[in-house]
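If you want the building blocks of each chain, they are given just below.
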Amino acid sequence: MREVRLRFSKTGRLKYISHLDINRAMARALKRAEIPLWYTEGFNPHPYMSFSLPLSLGVESLCESVDLRIVGEISNKEIKNRLNKVLPEDLKIIDVYDDFRDNSEIAYSDYVYKFEFKDNDLALEKIKKVLSSDEILALKKGKKGRKRIMKETNIKSFIDKYSISVRGDVIVLNIRLLAGVEKNLNPSLLFDTIIRLIDMDFEWKSISRISLLDKDYKEFK
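Each chain carries its own residue numbering, running from 1 in the direction its sequence is written. The predicted origin of the model limits local features to residues at a pLDDT of at least 70 and limits the giving and counting of side-chain atom pairs to 80 or more, whereas totals for whole chains, interfaces and linings rest on all residues. Note that water and hydrogens are dropped before the side-chain values are worked out from all heavy atoms of the structure.

So, the side chain of Thr193
In step 1: With respect to the element layout, Thr193 can be found in helix H4 (residues 187-198).
In step 2: Accessibility expressed as a relative area gives 2% for Thr193, which makes it buried.
In step 3: Residues count as neighbours in contact if any of their non-hydrogen atoms are within 4.5 Å of one another. Dropping the residues within four chain positions of it, Thr193 is found in contact with Ile136, Leu137, Ala138 and Ile155. Secondary structure elements are defined from DSSP: runs of H or I of at least 4 residues count as helices, runs of E of at least 2 residues count as strands, and each element is numbered from the N terminus. Remark: exposure states derive from per-residue accessible area (1.4 Å probe, protein chains only) relative to the maximum for the residue type, with buried under 20%, exposed over 50%, and partly exposed in between.

Structure, rendered in structure tokens:
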């Protein structure tokens, strides 16, 4: 038995399906591709699969990964080719490899946000003001006794660095967020917070995760 890591992209329409659905889609694809997997023991055996960092609904990614245990004689290249033949169009295996690091070493995620407003120049200045503030207050669901309430949380410390500019018809924000086990900022929460604070309606948006990094800013693989 050996462990391999599958690096895959989730784009297009598949950004709207949940992490649980991705799990199910991958399991079905592995079965259709006849990949020789190690199964858990017990009353309800299932293939061992360990995903690196669950992705928020509505967010695309070029750097997702899942770890598998292989029991048969099959090359990494063959695993990649077989799976890409049976996976949906917007879910593709980029690489398959044996030598990989523990998921606990993930510390940061790089994202690209794209916004479009009726007045991009005005929106740009407002977004810059929000991001440069000492305090960026997000609204998160919480509890007070038995009541569900919205709590204000300062998410400024979850932002490592960023750059923002208008490119053509859209505002492009490149931003690095904390993504470790102890501190992790949901990219959708950041988007919702920005829109609420600038108080402007957006025409279109997209969010893409483009890389995962360790604490030393080296690419996580």
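A closer look at helix H1 (residues 19-32)
Turn by turn, an α-helix covers 3.6 residues, leaving residues three or four places apart pointing in a common direction.
In step 1: One less than the residue count of a helix, multiplied by 1.5 Å, gives the span that helix is expected to have. Helix length check: H1 (14 residues) gives 20 Å between terminal C-alpha atoms against 20 Å at 1.5 Å per residue, within 8%.
In step 2: Considering only its buried residues, H1 is in contact with strand E1 (2-10), strand E2 (49-51), strand E3 (60-70), helix H2 (76-86) and strand E4 (91-97).
In step 3: Positive phi appears at Glu34, one or two residues downstream of H1, with a value of about 55°.

Digging into the pattern of salt bridges
Side chains carrying opposite charge are able to pair once their charged atoms draw close together.
In step 1: Salt bridge, as used here, is a side-chain nitrogen of Lys or Arg placed within 4 Å of a carboxyl oxygen of Asp or Glu. In the structure shown here, the tally under the stated rule is twelve salt bridges.
In step 2: Linking Glu3 and Arg69 is a salt bridge whose minimum nitrogen-to-oxygen distance equals 3.3 Å. One end of the pair, Glu3, is in strand E1; the other, Arg69, is in strand E3, with 66 residues separating them in the sequence.
In step 3: We classify Glu3 as partly exposed; its relative accessible area is 31%.
In step 4: Put simply, Arg176 and Asp110 hold a salt bridge, and the shortest N to O gap is 2.6 Å. On the criterion of sequence distance, the pair formed by Arg176 in strand E9 (residues 170-178) and Asp110 in strand E5 (residues 108-116) is long-range, its members being 66 residues apart. Residue Arg176 shares its accessibility class with Asp110, and that shared class is buried.
In step 5: Among the charged side chains, a salt-bridge network with shared partners connects Arg101, Glu105 and Asp214.

Let's talk about the nonpolar core
Generally speaking, a soluble globular protein has its nonpolar side chains buried in company with each other.
In step 1: Counting 34 residues, the largest nonpolar core has Tyr113, Phe115, Phe117, Ile127, Ile175 and Leu190 as its most contacted members.
In step 2: Contributions of two or more residues to this core are made by E5, helix H3 (120-132), strand E8 (159-167), E9, H4 and strand E10 (204-213).
In step 3: Per-element tally for this core: the top contributor is H4, with six residues.
In step 4: Non-local contacts of Phe115, meaning those with residues more than four positions away in its chain, are made with Asn120, Ile127, Val170, Ile171, Leu173, Phe191, Ile194, Ile195, Trp204 and Lys205.
In step 5: What is meant by a nonpolar core is a set of buried Ala, Val, Leu, Ile, Met, Phe, Trp, Tyr and Cys residues, joined one to another through side-chain atoms within 4.5 Å. By size, the runner-up hydrophobic cluster in this structure holds 23 residues, among which are Val4, Leu6, Leu68 and Ile74.

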